[in-house]
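# Summary of structural features
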Amino acid sequence: IWRCLDAETGKELWTIAYPTPTKMEFTNTPRAAPVIHGGFAYLFGAFGDLHCVSIEGRRIVWRRNIVKEFNAKLPTWGMCPTPLVVDDLLIVNPGAPEASLAALGLYTGETVWQTPGEPAGYGSFILGTFGGIRQVVGHDATSLGGWDPNTGKRLWTLLPTKKGDFNVPTPVNIDGRLLVATENNGARLYDFDAQGRIDPIPVAQNRKLAPDTSTPVAIDGLVFGCFRGLFCLGLDYNLETLYSTEGDGAFTDYTALIAGNDRILAITVKGELVLLEAARDAYTPISRLRLFEDTEVWSHPALIGNRLYIRSMKEICCFLLDH
């Protein structure tokens with residue numbers, strides 16, 4: 001069930017509901033975030049159902065099931081990556097032998113290109129310019145790759161040193177370098193050659209920051225990430241750990257991070273909101289607030305001005321933040 005709510009009051013404006021073929025571990029809830037673009041919402045469900053909905057008109061413009069239509073195998077924990085808007089295309093990853101990635105028309109849903117490859121991973125894709133080449137970057141089930149957004153041609157492939165990563169955290173573009181963090185291979189920073197291909201030897205590495213789900217953030221020459229604690233790494237110090245909070249129980253599991261204005265806003269799976277300085281010398285919390293009890297927060301919050309929208313397993317709430 002997808003719900004559109006009034007941002008001021010929380011009143012339900014419309015819903016999109018459809019049956020799922022079976023039950024899935026960790027519930028049937030969609031994993032991907034809704035994508036809002038040009039007056040449309042692109043809604044991607046865990047079983048491969050993809051809807052384009054007119055926000056104001058409250059109507060379905062087009063819909064497809066990319067798992068069934070591309071003859072893909074549904075991943076164990078469902079379709080997770082948030083679709084990526086590139087120009088007039090919507091990039092998705094069916095994970096089918098003949099359509100590892102596919103580009104759909106934003107307004108028609110028709111297939112513009114598809115490229116063969118590996119089954120789907122769980123992390124989202126990004127668009128960036130690396131080595132002077134504009135490309136889509138992300139994981140399939142076994143490797144990291146870059147693709148031409150206009151044609152779907154795969155530009156490069158990087159296999160990790162250790163196999164078995166679930167490839168959930170999203171890669172991070174840091175000034176044309178790529179930060180990748182996974183549970184078996186730790187955090188790595190990669191550079192690119194003049195043809196836009198990744199250098200397989202990382203320029204920096206930190207094996208202790210090895211998240212299985214949480215995506216790191218970068219700010220002011222620092223990287224913050226969560227894995228059995230909150231870590232602060234120095235970009236200018238070969239990703240060396242500057243400090244960590246391994247003794248603080250708040251960050252022992254999944255945590256969503258937002259970086260900006262010299263601060264980090266962290267929302268833990270246990271429902272605690274932590275605001276801290278993006279400091280390089282020590283963990284410096286500014287304030288902490290317990291938002292939810294007896295539930296979990298797995299969805300990424302949305303910060304709009306001084307309003308923070310968060311959905312737990314039981315409810316969705318809007319919190320007003322002090323400036």
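Residues numbered from 1 in each chain as written. Predicted model: local features only at pLDDT ≥ 70, side-chain atom pairs only at ≥ 80, totals over all residues. Heavy atoms only, no water.

Right, let's talk about the overall build of the chain for a bit. Counting its regular elements, the chain contains one helix and 29 strands. Computed over C-alpha atoms, the radius of gyration of the chain comes to 20 Å, within 12% of the 20 Å expected from 2.2 N^0.38 for 323 residues, which places it in the range of a compact globule. Expressed along its principal axes, the backbone C-alpha trace of the chain runs to roughly 50 × 50 × 35 Å. Buried positions account for 50% of the 323 residues belonging to the chain. At a minimum sequence separation of 6, the contacts of the chain that also span at least 24 residues come to 41%. A total accessible area of about 15,700 Å² is found for the chain, and carbon and sulfur atoms account for 50% of it. (Helix = DSSP H or I, 4+ residues; strand = E, 2+ residues; numbered from the N terminus. Rg over C-alpha atoms; globule rule 2.2 N^0.38 Å. Buried < 20%, exposed > 50% of the residue type's maximum accessible area, 1.4 Å probe, protein only. Contact = heavy atoms within 4.5 Å. Areas by Shrake-Rupley, 256 points an atom, 1.4 Å probe, with all protein chains shown as cover.)

Residue placement: Asp199 occurs in the loop between β17 (186-190) and β18 (204-206). Note: C-alpha distance between Asp199 and Phe47 (152 residues apart in sequence) is 35 Å. Setting aside chain neighbours within four positions, we find Asp199 in contact with Tyr190, Asp191 and Phe192.

Within the secondary structure, Ile264 sits in strand β24 (residues 263-268). Along the chain, Ile264 and Pro285 lie 21 residues apart, while their C-alpha atoms are 9.2 Å from each other. If near-sequence neighbours (up to four positions away) are discounted, Ile264 is found in contact with Val217, Ile219, Phe224, Leu257, Ile258, Ala259, Val274, Leu275, Leu276 and Ala278.

Now for the state of the cysteines. The final tally for this structure, using the stated rule, is zero disulfides. The thiol of Cys226 is not disulfide-bonded; the next cysteine sulfur, from Cys232, is found 11 Å away. With relative accessibility at 4%, the residue Cys226 sits in the buried group. We note that Cys318 lacks a disulfide partner, and the nearest cysteine sulfur, in Cys317, lies 8.8 Å from it. (Disulfide = S-S within 2.5 Å.)

With that settled, the discussion passes to the pattern of salt bridges. Two side chains of opposite charge can pair, provided their charged atoms sit close to one another. Scanning the entire structure with this criterion turns up eight salt bridges. Glu69 is the partner of Arg64 in a salt bridge, and the nearest nitrogen-oxygen pair spans 2.8 Å. The exposure class assigned to Glu69 is partly exposed, which follows from its relative accessible area of 43%. (Salt bridge = Lys/Arg side-chain N within 4 Å of Asp/Glu carboxyl O.)

If you look at the biggest cluster of nonpolar residues, it comprises 21 residues, and the most contacted ones within it are Tyr42, Leu50, Trp62, Ile66, Phe70 and Leu104. At the level of secondary structure, the elements contributing two or more residues to this core comprise β4 (40-44), β5 (49-54), α1 (66-69), β8 (89-92) and β9 (101-105). Looking at this core, the element that brings in the most residues is β4, giving three residues. Leaving out residues up to four positions away in the same chain, Leu50 has contacts with Leu43, Phe44, Trp62, Arg63, Arg64, Ile66, Pro83, Leu90, Val92 and Leu104. Grouped together as the second largest cluster of nonpolar side chains are 17 residues, Val217, Leu230, Phe251 and Leu257 included. (Core = buried A, V, L, I, M, F, W, Y, C linked by side-chain atoms within 4.5 Å.)

The next subject is the pairing of strand β23 (residues 255-260). Across six bridges, the pairing between β23 and β24 is antiparallel. Directly across from Ala259, in β24, lies its bridge partner Ile264. (Pairing = 2+ DSSP bridges.)

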